[in-house]
Amino acid sequence: KVLIIGACGQIGSELTFKLRDMYGSSNVIASDISYSNLGVVNSGIFEVVDARSYSSIKICVEKYEIDTIYLMAAMLSATGEKYPMKAWDLNMESLFHVLNLAKTNIIKKVFWPSSIAVFGPTTPVDYTPQYTVMEPSTVYGITKQVGERWCEYYFNKYGVDVRSLRYPGIISWKTMPGGGTTDYAVEIYHKAIADGVYECFLSENTKLPMMYMEDAIKATVDIMEAPAENIKIRSSYNLAAISFTPKEVAESIQVTLPDFKITYSPDYRQTIADSWPKSIDDSRARTDWGWNHKFDLQDITNEMLFQLDKMDKSPLKKSN
Ligand code: VAH
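Residues numbered from 1 in each chain as written. Predicted model: local features only at pLDDT ≥ 70, side-chain atom pairs only at ≥ 80, totals over all residues. Heavy atoms only, no water.

Looking at an unreviewed UniProt entry, the protein chain carries the name NAD-dependent epimerase/dehydratase family protein, with the source organism given as Aestuariibaculum marinum. A UniProt comment under Sequence similarities (unreviewed entry) is attached to the protein chain, and it reads "Belongs to the NAD(P)-dependent epimerase/dehydratase family." (UniProt positions renumbered as here; feature names shortened; annotations may be inferred.)

The following block contains the structure:
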């Protein structure tokens, strides 16, 4: 049985759908900090689990005989800069609880998301290698860097089968992201449909590694389904698809919506974005367990505009 902690978040909610498709709804338990987060995960088994509480997780694990955990709860980069100690507590305590449940063999397999946020201003920005200088300048990035060290330690010392991916920015339409620096790449589509104009909080030439949710979910399932001997990196794999700037995504939207306008008002998130790579070398993921992305920028734009227009309930739509 599978438990998803943070199942109501941007990635967690889509993982819940995918894993229920794969393993059957009754074998995938969705959990989050409260029912109020439910959103799109409003069917199937749901439990309130506090990721910062060992006993809260353990009770759920024992109740459903869970053997695999996807730990998707975290405080992201932008919010983490507002509440550093909360970000540290949530991101680290949740990881230790899950790793310790696995160390005592209660859990057989763990997925834990890392991020390109592990890289910092001294990291080579273009085609960033799997192994390189990592001096993250955000609390979120620090938690991901140290979390990777602990994942590798628990694998080497206790044989814990924990697997991890350094996600880039992720674009999706089902669930809004929460508190990330790459969230502009989701908001822009909602605003293009709702208002035809978007005020971007990053500058026009801020190039960042990005990925469509379908690719991110495929990578997550692929690494978890791969034979253990193929997972040769137990810190976290670089993962990439495409890179683009706000200007480029605006131009891709204007192919369909020629009147769409973008303006730029960089805020505190610009400093975070400037500390991250522009592109990522994910060749190890491609050779070790067959990773391959599918969606390029125009595919993402076409899919996002189509889905949001159909949904017509964009959470950012003006309530008129
Ligand atoms: C964030 N979406 O912006 C996350 C992600 C690489 C970015 O870690 O914080």
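(A) The overall build of the protein chain, seen in detail. On a plain count of helices and strands, the protein chain comes out with eleven helices and twelve strands. Its C-alpha radius of gyration of 19 Å places the protein chain within 12% of the 20 Å reference for a compact globule of 320 residues. Here the protein chain holds 320 residues, and 54% of them are scored as buried. Considering only intrachain contacts with a sequence separation of at least 6, the fraction spanning at least 24 residues in the protein chain is 78%. Surface summary for the protein chain: the accessible area is close to 13100 Å², and the carbon and sulfur share equals 53%. For the protein chain, the separation between the mean place of its 33 positive charges and that of its 39 negative charges on side chains is 4 Å. (Helix = DSSP H or I, 4+ residues; strand = E, 2+ residues; numbered from the N terminus. Rg over C-alpha atoms; globule rule 2.2 N^0.38 Å. Buried < 20%, exposed > 50% of the residue type's maximum accessible area, 1.4 Å probe, protein only. Contact = heavy atoms within 4.5 Å. Areas by Shrake-Rupley, 256 points an atom, 1.4 Å probe, with all protein chains shown as cover. Lys, Arg positive; Asp, Glu negative; His and termini not counted. Charge placed at Lys NZ, Arg CZ, Asp CG, Glu CD.)

(B) Quick peek at the packing of helix α1 (residues 10-23) against helix α7 (residues 213-225). With their axes 10 Å apart at the nearest point, α1 and α7 run at an angle of 55° to one another. On the basis of their axis angle, the class for α1 and α7 is oblique. Crossing of α1 over α7 shows right-handed handedness. Residues Gln-10, Ile-11, Glu-14, Leu-15, Lys-18, Leu-19, Met-22 and Tyr-23 of α1 lie in contact with α7, whose contacting residues are Met-213, Ile-217, Thr-220, Val-221 and Glu-225. (Axes fitted to C-alpha atoms, helices over the stretch in contact; angles between N-to-C directions. Parallel < 35°, antiparallel > 145°, perpendicular 65-115°, else oblique. Left-handed = near helix turned anticlockwise from the far one by under 90°.)

(C) Molecular detail of the sheet that holds strand β3 (residues 46-48). Spatial ordering of the open sheet is given by β3-β2-β1-β4-β5-β6-β10, a layout of seven strands whose pairing is parallel. At either margin of the open sheet sits one strand with a lone partner, and together these are β3 and β10 (237-238). As paired elements, strand β6 (residues 161-167) and β10 share two bridges and run parallel to each other. Within the sheet, the bridge partner assigned to Leu-165 lies in β10 and is Tyr-237. (Pairing = 2+ DSSP bridges.)

(D) Expanded view of the site of the ligand. Inspection of the region around the ligand gives Leu-76, Ser-77, Ser-115, Ile-116, Tyr-140, Tyr-167, Pro-168, Gly-169, Gly-180, Thr-181, Thr-182 and Trp-276 as its neighbouring residues. Backbone polar atom of Thr-181 to an oxygen atom of the ligand: 2.7 Å apart, as the coordinates give it. Within the side chain of Thr-182, an N or O atom sits 3.0 Å from a nitrogen atom of the ligand. A total of 270 Å² of accessible area belongs to the ligand in isolation, and the protein chains cover 94% of it. Broken down by class, the residue content of the shell around the ligand amounts to six nonpolar, six polar and no charged. (Near = heavy atom within 4 Å. Polar contact = N/O pair within 3.5 Å; in protein donor to acceptor, adjacent residues only side chain to side chain. Nonpolar A, V, L, I, M, F, W, Y, C, P; charged D, E, K, R; others polar.)

(E) Here's a closer look at the side chain of Ser-252. With respect to the helices, strands and loops of the structure, Ser-252 is situated in helix α8 (residues 246-256). When its relative accessible area of 4% is taken as the criterion, Ser-252 is described as buried. Of the polar contacts made by the side chain of Ser-252, one reaches the side chain of Thr-301; its length is 2.6 Å. When sequence neighbours within four positions are dropped, the list of residues in contact with Ser-252 reads Tyr-189, Leu-297, Gln-298 and Thr-301.

(F) The sheet that holds strand β7 (residues 169-171), seen in detail. Pairing is mixed across the open sheet formed by three strands, whose spatial order is β7-β9-β11. Whereas interior strands pair on both sides, the edge strands pair on one side only; in this sheet they are β7 and β11 (242-244). With strand direction ignored, the average angle separating the axes of adjacent strands in the sheet is 45°. Bridging between strand β9 (residues 208-212) and β11 involves three bridges; their strand directions are antiparallel. Along β11, the bridge assignment pairs Leu-208 with Phe-244. Here α7 sits on the sheet and contacts β7 and β9; the angle it forms with β9, its principal contact strand, is near 80°.

(G) Examining a nonpolar patch on the surface more closely. There is a patch of nonpolar side chains on the surface, built from Met-85, Trp-88 and Ile-142 and spanning about 300 Å² of accessible area. The topology assignment puts Ile-142 in helix α5 (residues 139-158). With relative accessibility at 37%, the residue Ile-142 sits in the partly exposed group. (Patch = residues over 30% accessible without salt bridge, like charges linked within 9 Å, V, L, I, M, F, W, Y side chains within 5 Å. Salt bridge = Lys/Arg side-chain N within 4 Å of Asp/Glu carboxyl O.)

(H) Quick look at the side chain of Arg-166. The topology assignment puts Arg-166 in strand β6. In this structure Arg-166 comes out as buried when scored by relative accessible area, which is 3%. At 3.1 Å, the side chain of Arg-166 forms a polar contact with the backbone oxygen of Gln-130.

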